[in-house]
Amino acid sequence: MTSFHFDIGSRARQAGRFIGRVRGELLRALSEKRAEAGFSQQALAQKLDVHRSLINRQFSGEVPLTLRSIADLAWAMDLEISFELKKPTARIGQNQPATTTTIEHGRIRFIDGGIKRNSIPAVPENWQPPQAKKSA
Amino acid sequence: MSTIEEFVAASAILPIEVEMSAGDQPMRLLYGTPGFIVWLDEIVNGAEPKSRLGEATPAEQIDDLFHAFLLGRPLVYTRQFRAIRAEKNAVWELKTPDIRIFGWFLKKDCFVGVFGNWADQVKDHDLYRGYRIAIRRLRRELGVDDNLCVQGVSPGDVVSF
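### Some points on the interface of chain A and chain B
Piece 1. Opposite the 32 residues of chain A that make contact, chain B presents 38 residues.
Piece 2. Listing elements by their share of the side of chain A that touches chain B, those giving two or more residues are β1 (4-6) and α1 (10-37) of chain A.
Piece 3. If one sorts the elements of the side of chain A that touches chain B by residue count, α1(A) sits on top with 11 residues.
Piece 4. Considered class by class, the residues forming the side of chain A that touches chain B number 13 nonpolar, 14 polar and 5 charged.
Piece 5. The sheet contact formed by β1(A) and strand β1 (residues 14-18) of chain B spans 3 bridges and is parallel. Within β1(B), the residue paired with His5(A) across the bridge is Glu17(B).

What follows is the structure in structure tokens.
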């Protein structure tokens, strides 16, 4: 089985996913505010004294978000901003970067552009689930 | 009854992957037709619309969308995906500021992309109906059964939140 690996390079990937994460966070916050208190884009626009179309374009990603506009939107939704830069950390038990999904597959299959590898069983063949110990 | 594996084995659709970070666990599946893969390849190679709206490049926008989709992150209905028309075996659209992707959900959380285009071209030329008809025709030609097409048109029918 072959697959298509959509790879744009680490620099572009980091930029795109960061921009997407900020935008997604704003969309999620607005959606929650709307569900909680009927807070609309119109209310947001009025609070910030800007036209509703600007708010709409900011949320749809059609205009760049400046740091100030993010701060203003957070203020208008009565939310605090958390921002952090940190070194990537490796944790014990952390997954390795996935090469394919494991959903609905009994065995993990590696797809790497045609290079054949043996399938690796998700669990050893003789593996038995541990017996539950009866408590006294 | 046809299966996803059969379509993949026949190269009618191909699995699409994006780079995952350590700790990422894919929760959804993404496929594309060969024509869609060719279009994706053009995007990877730097294709740009006449006037870009988004801060990110088209390739970055798609990488982020696919990454969020595959990781099972919540997608905002109408902003990031929607059904073209409320009908049985609906055709669905995935959206970024500059890109529109048309396809259908084989199963819940399992999307196959068929066409991609610039958002402004799709809107300016009202291409929704054409893509919808073309995808329905393709499904007929492939022999896609109802079991490989999500019937519902509610957001919760096609993606887990």
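### Brief notes about the packing of helix α2 (residues 41-48) of chain A against helix α3 (residues 52-60) of chain A
All names here are of chain A.
Piece 1. The N-to-C vectors of α2 and α3 enclose an angle of 115°; their axes lie 8 Å apart at closest approach. Here the hand of the crossing between α2 and α3 comes out right-handed. The segment α2 lies against α3, with Gln41, Gln42, Leu44 and Ala45 engaging Arg52, Ile55 and Asn56.
Piece 2. Taken together, the residues of the contact of α2 with α3 break down into 3 nonpolar, 3 polar and 1 charged.

### Concerning the environment of Cys110(B)
Residues and elements named next belong to chain B.
Piece 1. Turning to its location among the elements, Cys110 is positioned in strand β6 (residues 110-118).
Piece 2. Take Cys110: there are 20 C-beta atoms within 10 Å of it, and that puts it in the buried class.
Piece 3. Between the alpha carbons of Cys110 and Met27 there is a distance of 9.5 Å; along the sequence they are 83 residues apart.
Piece 4. If we ignore the near neighbours within four places in the chain, the residues touching Cys110 are Arg28, Leu29 and Phe105.

### Details of the pairing of strand β4 (residues 92-95) of chain B
Residue and element names in this part refer to chain B.
Piece 1. The alternating pattern of β4 places Trp92 and Leu94 and Glu93 and Lys95 on opposite faces, both of which are buried.
Piece 2. The pairing of strand β3 (residues 81-83) with β4 spans 3 bridges and is antiparallel. Looking across to β4, one finds that Ala83 is bridged to Trp92.
Piece 3. Bridge analysis of β4 against strand β5 (residues 99-107) gives 4 bridges, and the strand direction is antiparallel. Counted as the bridge partner of Glu93 is Phe102 from β5.
Piece 4. Remark: 3 residues form the turn of the hairpin made by β4 and β5, two consecutive strands paired antiparallel.

Thresholds applied
Residues numbered from 1 in each chain as written. Chains lettered and ligands numbered in written order. Predicted model: local features only at pLDDT ≥ 70, side-chain atom pairs only at ≥ 80, totals over all residues. Contact = placed C-beta atoms within 7 Å. Helix = DSSP H or I, 4+ residues; strand = E, 2+ residues; numbered from the N terminus. Nonpolar A, V, L, I, M, F, W, Y, C, P; charged D, E, K, R; others polar. Pairing = 2+ DSSP bridges. Axes fitted to C-alpha atoms, helices over the stretch in contact; angles between N-to-C directions. Left-handed = near helix turned anticlockwise from the far one by under 90°. Buried ≥ 20, exposed ≤ 12 C-beta atoms within 10 Å, placed from the backbone.

In short, shape yes, function no, at least from these values alone.
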